Amino acid sequence: MTPTTMEAAPDALVAALRRPVWNTLAARAEDIRRSLPPRPGTAAERFAWLRSLDPEQARRAALLDHLDALCGHLDGHPAPGCAADDPMPDAALEEAEGFNRQLTALIAAYRAVRQGT
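Residues numbered from 1 in each chain as written. Predicted model: local features only at pLDDT ≥ 70, side-chain atom pairs only at ≥ 80, totals over all residues. Heavy atoms only, no water.

### Overview of the overall build of the protein
Definition in use: In this text, helices come from DSSP runs of H or I with a minimum length of four residues, and strands from runs of E with a minimum of two, each type numbered from the N-terminal end. This radius of gyration counts C-alpha atoms alone. The globule rule is 2.2 Å times how many residues there are, raised to the power 0.38. In this scheme, a residue with accessible area under 20% of its type's maximum is buried, one over 50% is exposed, and one in between is partly exposed, where area comes from a 1.4 Å probe on protein chains only. The contact criterion used throughout is that any non-hydrogen atoms of two residues lie within 4.5 Å. What sets the accessible areas is the Shrake-Rupley method with a 1.4 Å probe; for residues, cover comes only from the shown protein chains. In summary, the charge assignment counts Lys and Arg as positive and Asp and Glu as negative, without counting His or the chain termini. Here the site of a charge means atom NZ of a Lys, CZ of an Arg, CG of an Asp or CD of a Glu.
Counting its secondary structure elements, the protein contains five helices and zero strands. In sequence order, the secondary structure elements of the protein are arranged as α-α-α-α-α. In terms of overall size, the protein is more extended than a compact globule, its C-alpha atoms giving a radius of gyration of 17 Å where 117 residues would be expected to give roughly 13 Å. Based on the C-alpha atoms only, the size of the protein along its principal axes is roughly 55 × 30 × 20 Å. Sorting the 117 residues of the protein into buried and exposed places 32% on the buried side. Restricting the contact set of the protein to residue pairs at least 6 apart, pairs at least 24 apart contribute 60%. Working note: accessible area of the protein is about 7,100 Å², and carbon and sulfur atoms make up 57% of it. Positive and negative charge centroids in the protein, built from 13 and 16 side chains respectively, lie 5 Å apart.

Listed below in structure tokens is the structure:
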């Protein structure tokens, strides 16, 4: 049995989306990383670091962790809250959307095909 166009299209779109979405998420994460004090390596130091952040820095640190987890998911390391077998989680699409007009259009096309519209 050969896949129909509708079945094949999401796979092709996932392949087309994976790198640009990852690049967008990674760039956003790097911008945030540069705006925060350096994160220490050990758990105890990291806990002290988190407590030292003001509310806005803490919000950005949480977003940084989220973006890093989504990048990891796209690289094959499932992110918390994302199905391990979901190659392109909605959270990754939402975080990448709106930063690049072409990518946003590709995301819209992927969603339309995935929803069957």
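### With respect to the side chain of R28
The criterion, for reference: For the purposes of these results, a polar contact is taken to be a pair of N or O atoms within 3.5 Å, where, inside protein, one atom must be able to donate a hydrogen and its partner to accept one; residues adjacent in sequence count only when each atom of the pair is a side-chain atom.
By the secondary structure assignment, R28 is in helix α1 (residues 5–35). A polar atom in the side chain of R28 sits 2.6 Å from the backbone oxygen of E95. Among all residues touching R28, those that are not within four sequence positions of it are L63, L67, E95 and F99.

### A look at the packing of aromatic side chains
This is how the line gets drawn: Put simply, two rings from Phe, Tyr or Trp (the six-membered ring, in Trp's case) pair if the centres are within 6.5 Å, and we call them stacked under 30 degrees between planes, edge-to-face over 60, tilted for the rest. The rule is short: NZ of Lys or CZ of Arg within 6 Å of the ring centre and within 35 degrees of the ring normal puts a charge over the ring.
Throughout the structure, instances matching the rule amount to zero aromatic pairs. Above the face of the W22 ring, R19 is positioned so that its terminal group lies 4.9 Å from the ring centre.

### Some thoughts on the side chain of H73
Structurally, the position occupied by H73 is in helix α3 (residues 55–74). The class of H73 is buried, set by a relative accessible area of 5%. Setting aside anything within four residues of it in sequence, one finds H73 in contact with P78, A79, C82, A83, A84, D86 and P89.

### What about the nonpolar core?
Where we set the bar: Nonpolar core, defined: a set of buried Ala, Val, Leu, Ile, Met, Phe, Trp, Tyr and Cys residues in which side-chain atoms within 4.5 Å join the residues together.
L17, V21, L25, M88, L93 and Y110 are the most contacted members of the largest nonpolar core, which has 27 residues in total. For this core, the secondary structure elements donating two or more residues are α1, α3, α4 (90–96) and α5 (101–115). Element by element, the count of residues in this core is highest for α1, at eight residues. Contacts of M88, omitting those with residues within four sequence positions, involve V14, L17, R18, V21, L74, L93, Y110 and R114.

### Thoughts on the confidence of the model for the protein
What counts is decided by this rule: As a per-residue measure, pLDDT tells how confident the predictor is, with possible values from 0 to 100.
In the predicted model, the protein carries a mean pLDDT of 90, and the fraction of residues at 70 or more is 91%. Mean pLDDT across the secondary structure elements of the protein bottoms out at α1, with 86, and peaks at α3, with 97. Overall, residues 1–8 carries pLDDT values under 50, and its contacts beyond four positions in sequence, including any with other chains, amount to two contacts.

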